[in-house]
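Given next are the chains, with one letter for each unit.
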Amino acid sequence: MLRLLALLALAATLTVAPASASAAVPGDAEALKILERGMADPGNATLLGQLLGEVDREVASHPDAPSAHYARGWLLSHLGRGEEAVKAYDRASALDPKLADALYNCGVVLSDLGRHDEALARWDAATKVDPRMIDAYYNAAQTYYNRRQFKEALERWEQAAALDPGDFGVAKKVLQALNALGDKPRAAKAREALIALWKSAEDERVRGLSEFCFDQRDVGKAHVYIYETFEPKGDLYYVYTVRVAGPQNKLAGAVMLESSAVIRELGTPYVLGFNRNEQHHTTDRAYKELPSWDLLWPEMEKIIRAEFADVVE
């Protein structure tokens, strides 16, 4: 999932003119004031349409004002006019090559339009202008990951992690990329680091998580998201949960390594089960000791292929 922060809320850079040479260009200040009004009510299409008319007049009066074209791109993107927004953002970038936000936002719009090669080019350009733009690294990495270009994804997520080592979301993605590349030693270290981040997190949203996705895989036509529980405990708990998604990423069910007080009393504390069609099923695959992931995954994959055959095939 792409990060859209710069597209949706740029208060830090838009309360004044962008920190670049464009700040002195006539028309910039007026355009940014118009944009601030739009950002205060981004879901109001009627207002945004009115503001677009105001910005268009600024563009006509000051065609060389980068922020006027930037504001126009923002308004157009929020009005669902992506192709026009791209042209406006590109014009802003041409007028002020230091305006990294224009490059970033243009990449977001291009990605939404399915023009991923162009989006990657804009995000890479944004990081050259502003090497601390974490979201540009993140979005480029996610795009490469979706393309199964895991090496390129890892490189960019690691650049983001270097800028903010405490970013839980980035650390999780680094782990996923390492697992996709089959780099077990580094993945093991990344897993330990992720768990440490969770334990020390001050953000309640992170601390409130009970599990983390450490890998994603394809099983036939199904896409699976593989989760590990941070601290498995209680009468019933899951150690691993593999969520199975079909077309349009619609969840079809899940396969779990589970444990309950009842089976622990019977001497086999772990068993594989699955949920399908809102019903839970327990298999005959039981374990007296916690199996390694390498041993467990082939068994879980067999269950997915057998019980989710309609999704897999």
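To keep things clear, this report deals only with the structure shown in the data block. (Residues numbered from 1 in each chain as written. Predicted model: local features only at pLDDT ≥ 70, side-chain atom pairs only at ≥ 80, totals over all residues. Heavy atoms only, no water.)

## Comments concerning the pattern of salt bridges
Pairing is possible between side chains of opposite charge, provided their charged atoms come close. For the record, the criterion: A carboxyl oxygen of Asp or Glu within 4 Å of a side-chain nitrogen of Lys or Arg is what we treat as a salt bridge. In this text, helices come from DSSP runs of H or I with a minimum length of four residues, and strands from runs of E with a minimum of two, each type numbered from the N-terminal end. Accessibility here uses a 1.4 Å probe with only protein chains present; expressed as a share of the type maximum, an area under 20% marks a residue as buried, one over 50% as exposed, and anything in between as partly exposed.
Evaluated as defined, the whole model comprises 24 salt bridges. The shortest N-O distance in the salt bridge between Asp64 and Arg91 comes to 3.9 Å. Of the two residues, Asp64 is situated in the loop between α4 (45–61) and α5 (66–78) and Arg91 in helix α6 (residues 82–95); the sequence distance between them amounts to 27 residues. Judged by relative accessible area, which is 36%, Arg91 ranks as partly exposed.

## Considerations on unusual backbone geometry
Even without being a glycine, Asn249 presents a positive backbone phi close to 60°. Examined against the element boundaries, Asn249 turns out to sit in the loop between β3 (236–245) and β4 (251–260). For Asn249, a relative accessible area of 46% corresponds to the partly exposed category.

## Considering the packing of aromatic side chains
To be explicit about the condition: Aromatic pairs are defined between Phe, Tyr and Trp rings, using the six-membered ring for Trp, whenever the two ring centres lie within 6.5 Å; interplanar angles under 30 degrees are classed as stacked, those over 60 as edge-to-face, and all others as tilted. A ring has a charge above it when a Lys NZ or an Arg CZ is no more than 6 Å from the ring centre and no more than 35 degrees off the ring normal.
Under the defined criterion, the tally for this structure stands at 12 aromatic pairs. Pairing Tyr138 with Trp157 gives two aromatic rings, centres 6.0 Å apart and planes at 70°, and the pair type is edge-to-face. Within this pair, whereas Tyr138 is found in helix α9 (residues 134–146), its partner Trp157 is found in helix α10 (residues 150–163), the two being separated by 19 residues in sequence. Judged by relative accessible area, which is 7%, Tyr138 ranks as buried. Taking the relative accessible area as the measure of exposure, Trp157 reaches 0% and is therefore buried. Seen from their ring centres, Phe212 and Phe230 are 4.8 Å apart, and the 40° between their planes marks the pair as tilted. Here Phe230 lies in the loop between β2 (222–229) and β3 and Phe212 lies in strand β1 (residues 211–219), a separation of 18 residues in the sequence. As far as burial versus exposure is concerned, Phe212 and Phe230 are alike and both buried. Counting every residue linked through ring pairs, the aromatic cluster contains Phe168, Trp198, Phe212, Phe214, Phe230, Tyr240, Trp293 and Trp297. Lying over the aromatic face of Tyr145, Lys173 brings its terminal NZ or CZ to 5.9 Å of the ring centre.

## Side note on α9
Put simply, the rule reads: The span you would expect from a helix comes to 1.5 Å times its residue count less one.
Here α9 contains 13 residues, and its C-alpha end-to-end distance of 18 Å stays within 8% of the 18 Å for a straight helix at 1.5 Å per residue. By the criterion of burial, α9 is predominantly enclosed, with 12 of the 13 residues buried. The set of residues buried in α9 consists of Ile134, Asp135, Ala136, Tyr137, Tyr138, Asn139, Ala140, Ala141, Gln142, Thr143, Tyr144 and Tyr145. One or two positions beyond α9, positive phi appears at Arg148, with a value near 70°.

By themselves, these are just geometric observations and shouldn't be taken as functional.
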